[in-house]
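Close look at the chain arrangement
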Amino acid sequence: MRTITFDIDRFDGSRSWTQSYSFEHDPAHTVLSCLIAIKEKQDPTLNFTASCRSAICGSCAVRVNGNAVLACDTKLDSVLKQWGSDRLQISPLGNFTVLSDLVVDWSPKIERLRTARTGLKARKEFTAETGCQQTPAEFARIQKQWDCILCGCCASECNKLTDDRRDFLEPFVYTHANRYAQDSRSAEPMLHVREMLGRGLWKCLHCMECVTKCPKQIAPAADISAMRALAYANGVTDGKGPRHAAAFRTDLENTGRLNEVRLVPRTEGLIDAATGRMSFTFRMLKSGKLSTREATKLYFVDNSPIEGLDGLRKIIRYRRAK
Amino acid sequence: MSEKDFDDIPSLSRRTFLEACAAVPLAGAVIPDKAFAQTADAEGILGTGAATGSSDVASCDVLIIGSGGAGLRAAVYAMRTANLSVLVVSKTMPSRSATCMAEGGINGVVQYQGQKDSLESHAFDTVKGSDYLGDQDCIDYFVEKASEAIRETDFWGMPYSRAKDGRVDQRFMAGHQYPRTNYSADKTGHAILHTNFDYALGSGVKFLVDHQLLDVAVEDGVCAGAVLRNIKTGEIKPVRARAVILAAGGYTRIFWTRTSTPYIATGDGTAAALRAGLPFKDPEMLQFHPTGVVHGGVLITEAARGEGGYLLNAKGERFMERYAPGKMELAPRDITARAIETEIAQGRGIGDGMEAHVLIDLRHLGREKILERLPQIRHVGLMFENVDLVEQPLPIRPTAHYSMGGIDVIDFHTMATAIPGLFAAGECGCESIHGANRLGGNSLAAAMVTGKEAGIGAATYAAKAGFAGETALQRLTEQWRDHFRETTARTKGTNFVELRDRMAQVLWEGMGIFRTEKGLAQAAEALRQIHQEYRVATVGNSAPVYNTAYTHYIEVGNMLSLARCAVLAALNRRESRGAHTRVDFPQRNDKDFLHHSLVRLKGDEYVLDQRPVTIVRYKPEERKY
C-alpha cells in the first residue's frame, strides 16, 4: 500500500500547529477530494471551504508546498509528481488573514475590490432599456479578464503584497479595474485607472507570480501594464513610476541597452537619487555587488548602440503610433 | 494630473525588495489590512439601538439571505428603490453560488432586424416545457421582464458574446422554437454572477459573509428578522429587519452523492421558510440531467453527445436505438435520462447499486477533435474518474441538476410570500415559472427577473413597515444557542455525514428518475428513521471558531426536512409530469393533478395541500417535440 501524507497547517483562532494525516494513495483523487476524505473519515475538526468542485466558483484555493492551486482542479498525482514526494505541505493562501485552518478571510478583500469602482458606467448613447453595442473584437479584448473567479491564487504569492500590503492591492483587483477600463462600452475608462493609480499601479514588482499562479491563465501583471499605458497615454506622466518606464524606453530607443545606473537618477531625479540612494549604493559597493570603476563606466562610457537597434526603434515607434 | 499626488510611500527597487526578503522571512510580519478600505464587519454594518428602539439587537431595513444572481440583483434594486439600509448575508464569499456554474445562457427575447421571435413564443415554450404546471400569468410577466433583463445587464457590463453587427448574440437551446438564449462563451452563469456582484459592489451594497441563516422569525404573523450564526466566531445572534428576502438557492443537494450542484446548495432558505410556517411548493419537481460522472455527479455537458459521442451499455450496444431510434444520443434530456436508468434497471449497466453506470464513448471522434472541441469534458473525466476520454469511455449516470420547487410565492409582481415582510427569489422561490420542468437558459433569466422584483417589492414594503416585535427572534436565538451546545457536546451516536449519504441513496433509489408507490413509501419511512437518528447524531467538533462540521450538520438537517416534503408530494402525485416520472402512473392526468403541491410543517408532521395551476391562454395539450 502506498501511503500519502498531508502536513496541514492548522489554526483554531488562537493556536497554530501542523497536523499530519496519512491515507492510501488513489490515482482518482484530487487535492480537494483528499481534504474531504480526511475531514469525513479522520478529523471532522479540519476546516476548509469548497463549493462547485468544477473550478468555476473559486472557493477551494490552498497552497501545496507553498504554491497556490485550486484544490478541486489539481490532481493528487500531478502534485506528487511535481514535488517528487508522497508528503505534501497544505497551507492556507498567503497574503490573507487566516480564520481557521485553510479558511481565509475574504471580507477585507471585498472592500479592497470595491476600490476598482466595479460595474460598467456605460457611454451616453447606451441606456438600460436598449442595452449596448459592442463588436466581437471589442468583446474579445475584455473576455479574458472576465474569467476571474476570485479564488485568490494570484494574491497568495504576490511578493509586493507580502512585502507591504498597505500600498498595493491584490492582483485580481487590477484585473477587475482593467476589464472596465478596456471595455468599449465604458464612458470613462480613466475612472477605474485613476483609482488604481492611487493604489499601487506603479508598484508592481514584475515577479509574475500572479501570472504563473492564476488557474484561469489570466495575467494580472499584464492588466497592470495595460492600465499604466492607458494612464500614460492620458497624460499621467509625472511621478516615479511613469518616469521609470520612460527611462526604460529612452535607454532602449537610444542605445538598446538598459543602463541601470542611469535608471535611478532618471526615475527619481538626480538630487533625490544622490541623497535617497546613498546608503543603498554604499552597501552595494561594500558588499562587492558593484565596483566604483564599473559604476563609473556604466554611467559615462557604456553607451554604444547595440546591433539591430534600428529594428528595435521601429517596434517602439510602431507601438507609439498605435 | 500627476501620479505624484498619491505617491507618498517610496517605491521599491527590485533589489531593495530582494534585500528585504533576505532579512525577513516571507511569512513574516502581520500587516494591518485597513489602509485602503474599512473592514466589513457585522458591527460596522448593522445599525443598533436607536434605529429600532431596542438596546442591543442589530438591525437593518432589508436583509437579503444569499448572494447568488438573485440575491445580488435584489440588493441593487432594494437600494435603488428607497433610501434604506440593505445587507446581503452569505455563508460564503458572495461569488461561490450555483449561478456561476451555469454555462449555456440566459433566455430573453431581444428585438433586432430579421428576428422572428416574440414574447408569446417564449411564453408558450416555457409553458409547454413546464408540462403545463407553470402559472401562465406569471410566465407572461416573466418573459417580458427577462427581455428587459438582457438589455439591462448588458448596460451593467455583462460581457455578452456578440453578433457581427454588435448586438448580443443568441444561440439555440433544446425546447425553444427560436434562438433566444443570450450567452457569454460557455461561462454565462459565471459572467452574469460577476456582473451582478461587480454592480452591487459599485452600488455600495454591504456584505456580511461567513454568516449562516439559522431561522427566520415571525412575530404576530409578520416577519421580524432572522437568526444568524457568525461562522467566524460561532456567535449566534438575532438581526431585526423590516423585510427579509430569501435568495438562498435550491435544494438539489438532497441527492448529495449524485448532483451537479455546488456543496452549498442545501436549501437553507427553503427550510427556514418551512419552519416559519410557509408552504413548500412543488417539492417533488427536481430536474435530472442525463449525463454526470458516476462519482459525485459533476456534469458532462450536452456538447459531448452533440459532437457525436456514443452511449454504451455493458454489452457495448448503443442502447439509444431502443428508445429514440431517430435521434439516438441527441434525444431530449428526460428521454435520455430514462433510457440510461432503464438499461441499468434491466441489468445492462456496469456495476451495482450506487456504482452502477453506463458509458459515454468519444474515442471514434479522434484525439484531435476531442482536444479541440471538448477539452473541458475530457478534463472533467480526468479529474473525477481518472479516465482519459481519448483512450477510454467514461462511466456516467444521470445527475440531479435543478430544483423547480421552492418557497411558495403568492405575488409574482413583488415575490411576496404569505408572511408579510418575507420575500423569496431565485431557485429558492417558486412563483411558478418552471412548473414541472425547467427549460435550458430559463434559470439565469428567472434569477435576474425574480431578484429584481423581490428587491423592489421588499424595499417598497420596508419603506412603509415598522420593525416587528423581537420576542420570537430572542426565543429562536436562545434555542439555537442551546442547540449548538447540546449537539456538539454529544459523543455517542451515528456520524451525521453517514446519515447524509444514506439520505442521498434512499432518495436516488426511491425518488430518483423512476418513482413508484412502493418505492416512495419506503423512502418516506427510511427518511423518517434517518431524521430521527440525525437528531441524536454526532458532529465531532465543538469549537466555536469556523466550525464547518456544525455548519454542515445544520445543512443536513435542512435537507432531510426538505427531502421528506419532496417524497410526500411525489407519493401523492399519481401521474407522470415533467421531471416527475411515476412508473405506475405513466400518463399525465390533468383531471386530477393540474395543481401545485404545497407541503407545510405542522409540529413534527408534514401536511400536503394543493392549489390549482393558473391557465391563461394555453390549454394543456400533450407535450411532444
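Residues numbered from 1 in each chain as written. Chains lettered and ligands numbered in written order. Predicted model: local features only at pLDDT ≥ 70, side-chain atom pairs only at ≥ 80, totals over all residues.

Summing up its helical and strand segments, chain B has 18 helices and 19 strands in all. Against the globule reference of 25 Å for 625 residues, chain B gives a C-alpha radius of gyration of 25 Å, in line with a compact fold. Dimensions along the principal axes, computed over C-alpha positions, put chain B at roughly 70 × 65 × 60 Å. For chain B, with 625 residues in total, the buried portion stands at 60%. The contacts of chain B with a sequence gap of at least 6 include a subset with a gap of at least 24, amounting to 74%. (Helix = DSSP H or I, 4+ residues; strand = E, 2+ residues; numbered from the N terminus. Rg over C-alpha atoms; globule rule 2.2 N^0.38 Å. Buried ≥ 20, exposed ≤ 12 C-beta atoms within 10 Å, placed from the backbone. Contact = placed C-beta atoms within 7 Å.)

Quick look at the overall build of chain A now. Each helix and strand counted, chain A has 16 helices and 7 strands in total. Along the first, second and third principal axes, the C-alpha atoms of chain A reach 70 × 65 × 40 Å. When burial is assessed residue by residue, chain A has 43% of its 322 residues classed as buried. Pairs at least 24 apart in sequence give 65% of the contacts found in chain A among residues at least 6 apart.

In this section: the interface of chain A and chain B. Of the residues lining the interface, 79 residues belong to chain A; the matching set on chain B comes to 71 residues. Contributing elements (two or more residues each) for the side of chain A that touches chain B: β6 (98-100), α3 (107-114), α4 (136-143), α6 (159-163) and α11 (240-254) of chain A. Of all the elements, α3 of chain A adds the most residues to the side of chain A that touches chain B, at 7 residues. Split into classes, the residues belonging to the side of chain A that touches chain B amount to 31 nonpolar, 28 polar and 20 charged. (Nonpolar A, V, L, I, M, F, W, Y, C, P; charged D, E, K, R; others polar.)

This brings us to the domain arrangement of chain A. In terms of domains, chain A is made up of domain 1 (3-104), domain 2 (107-233) and domain 3 (240-321). Computed over C-alpha atoms, the centres of domain 1 of chain A and domain 3 of chain A are 45 Å apart. (Domains from an automatic or database assignment.)

All names here are of chain B. Put simply, chain B has an average pLDDT of 90, and 91% of its residues get 70 or more. In the predicted structure, residues 1-44 sits below a pLDDT of 50 and forms 66 contacts with residues beyond four places in sequence or in another chain. Confidence drops under pLDDT 50 across residues 48-55; counting only partners more than four residues distant or on other chains, this segment forms 12 contacts. ipTM for the predicted complex: 0.94, alongside a pTM of 0.92. (pLDDT = per-residue confidence, 0-100.)

All names here are of chain B. It is the contact of helix α3 (residues 69-81) with helix α13 (residues 442-464), at a shortest axis distance of 7 Å, that shows an interaxial angle of 35°. For the pair α3 and α13, the crossing hand works out as right-handed. Contacts from G69, A70, G71, R73, A74, A75, V76, Y77, A78 and T81 of α3 reach α13 at L444, A447, M448, T450, G451, K452, A454, G455, I456, A458, A459 and T460. (Axes fitted to C-alpha atoms, helices over the stretch in contact; angles between N-to-C directions. Left-handed = near helix turned anticlockwise from the far one by under 90°.)

On to the environment of M415 of chain B, then. Residues and elements named next belong to chain B. Relative to the assigned elements, M415 resides in the loop between β15 (406-408) and β16 (422-424). By the C-beta count within 10 Å, which is 31 here, M415 ends up buried. As for M415 and G457, which are separated by 42 residues in sequence, their C-alpha atoms are 6.8 Å apart. The residues contacting M415, other than those within four sequence positions of it, are V409, F423, A424, A425, G429, T450, E453, A454 and G457.

One key point about sheets: their strands pair by backbone hydrogen bonds, in either a parallel or an antiparallel sense. Residues and elements named next belong to chain A. The sheet built from 5 strands is open, its strands ordered β2-β1-β5-β3-β4 with mixed pairing. The two strands at the open ends of the sheet, each matched to only one other strand, are β2 (16-24) and β4 (67-70). On average, adjacent strands in this sheet sit at an angle of 35° to one another, irrespective of strand direction. Along the sheet face, helix α1 (residues 31-42) touches β1 (3-11), β2, β3 (61-64) and β4 and points at about 95° away from the line of β2. (Pairing = 2+ DSSP bridges.)

This part covers α13 of chain B. The terminal C-alpha atoms of α13 of chain B, which comprises 23 residues, lie 33 Å apart, in line with the 33 Å expected from a rise of 1.5 Å per residue. For α13 of chain B, a buried count of 20 out of 23 residues is recorded, marking the element as mostly surrounded by other parts of the structure. (Expected span 1.5 Å × (residues − 1).)

With 13 residues, helix α16 (residues 309-321) of chain A extends 18 Å from end C-alpha to end C-alpha; this agrees with the ideal 18 Å at 1.5 Å per step. The buried fraction of α16 of chain A is low, at 0 of 13 residues.

Time to look at the nonpolar core. V62, I64, V244, I245 and M503 of chain B are the most contacted members of the largest nonpolar core, which totals 269 residues. In this view, I64 of chain B contacts G71, A74, A75, V86, L87, V88, V89, I245 and A247 of chain B; residues no more than four positions away in its chain are not counted. (Core = buried A, V, L, I, M, F, W, Y, C linked by C-beta atoms within 7 Å.)

Right, let's get into the pairing of β3 of chain A. Residue and element names in this part refer to chain A. The side-chain alternation of β3 yields two buried faces, one formed by A61 and R63 and the other by V62 and V64. Pairing geometry for β3 and β4, over 4 bridges, is antiparallel. By the bridge assignment for β4, R63 is matched with A68. Connecting the antiparallel pair β3 and β4 is a turn made up of 2 residues, with N65 showing a positive phi of about 45°. With 2 bridges joining them, β3 and strand β5 (residues 87-91) adopt antiparallel strand pairing. The partner of R63 across the bridge, within β5, is S91.

Let's shift gears to the packing of helix α7 (residues 268-275) of chain B against helix α17 (residues 548-572) of chain B. Residue and element names in this part refer to chain B. Two elements in contact, α7 and α17, have axes separated by 9 Å at closest approach and are oriented at 65°. Judged by the angle between their axes, α7 and α17 are roughly perpendicular. Crossing of α7 over α17 shows left-handed handedness. Taking contact as the criterion, the partners of D268, T270, A271 and L274 in α7 are, on α17, E555, N558, S561 and L562. Looking at the contact of α7 with α17 residue by residue, the classes come out as 3 nonpolar, 3 polar and 2 charged. (Parallel < 35°, antiparallel > 145°, perpendicular 65-115°, else oblique.)

Splitting chain B by domain gives domain 1 (43-99 + 195-286 + 402-471), domain 2 (102-184), domain 3 (288-400) and domain 4 (472-590). On a C-alpha basis, the centroid separation for the pair domain 2 of chain B and domain 4 of chain B is 36 Å.

Moving on, we come to the environment of M448 of chain B. Residues and elements named next belong to chain B. Considering the arrangement of structural elements, one finds M448 in helix α13. Sequence separation between M448 and K145 is 303 residues, and the spatial gap between their C-alpha atoms is 8.7 Å. Setting aside residues no more than four positions away along its own chain, M448 makes contact with G69, R73, A149 and T153.

Residue and element names in this part refer to chain B. Looking along the chain, the bond that leaves E431 and enters S432 is cis, with omega of 5°. Positive phi is not limited to glycine here, since D131 has a value of about 55°. Following the sequence through the fold, D131 ends up in the loop between α4 (119-129) and α5 (136-156). Unlike most non-glycine residues, M328 shows phi in positive territory, near 50°. For M328, the position within the fold is in the loop between α9 (320-323) and α10 (333-345). M328 gets classed as partly exposed once you count the C-beta atoms within 10 Å, which come to 17.

Okay, the pairing of strand β2 (residues 86-89) of chain B next. Remark: a regular strand shows side chains that alternate across the two faces of the sheet. All names here are of chain B. Burial along β2 is two-sided: V86 and V88 facing one way and L87 and V89 facing the other are all buried. Bridge count between strand β1 (residues 58-65) and β2: 4 bridges; the pairing is parallel. From the neighbouring strand, V62 faces β2, where its bridge partner is V86. In the classification by handedness, the crossover that spans β1, the intervening α3 and the parallel β2 is right-handed. Relative to strand β6 (residues 206-208), β2 runs parallel, the two being bridged by 3 bridges. Pairing of V89 across the sheet is with L208, part of β6. (Right-handed = clockwise from strand over helix to strand, strands pointing away.)

As a further point, take the environment of Q133 of chain A. The topology assignment puts Q133 of chain A in the loop between α3 and α4. What makes Q133 of chain A partly exposed here is the crowd of 17 C-beta atoms within 10 Å. For the pair Q133 of chain A and D183 of chain A, spaced 50 residues apart in sequence, the C-alpha to C-alpha distance is 11 Å. In this structure Q133 of chain A touches G166 and R167 of chain B, once residues within four positions along its chain are discounted.

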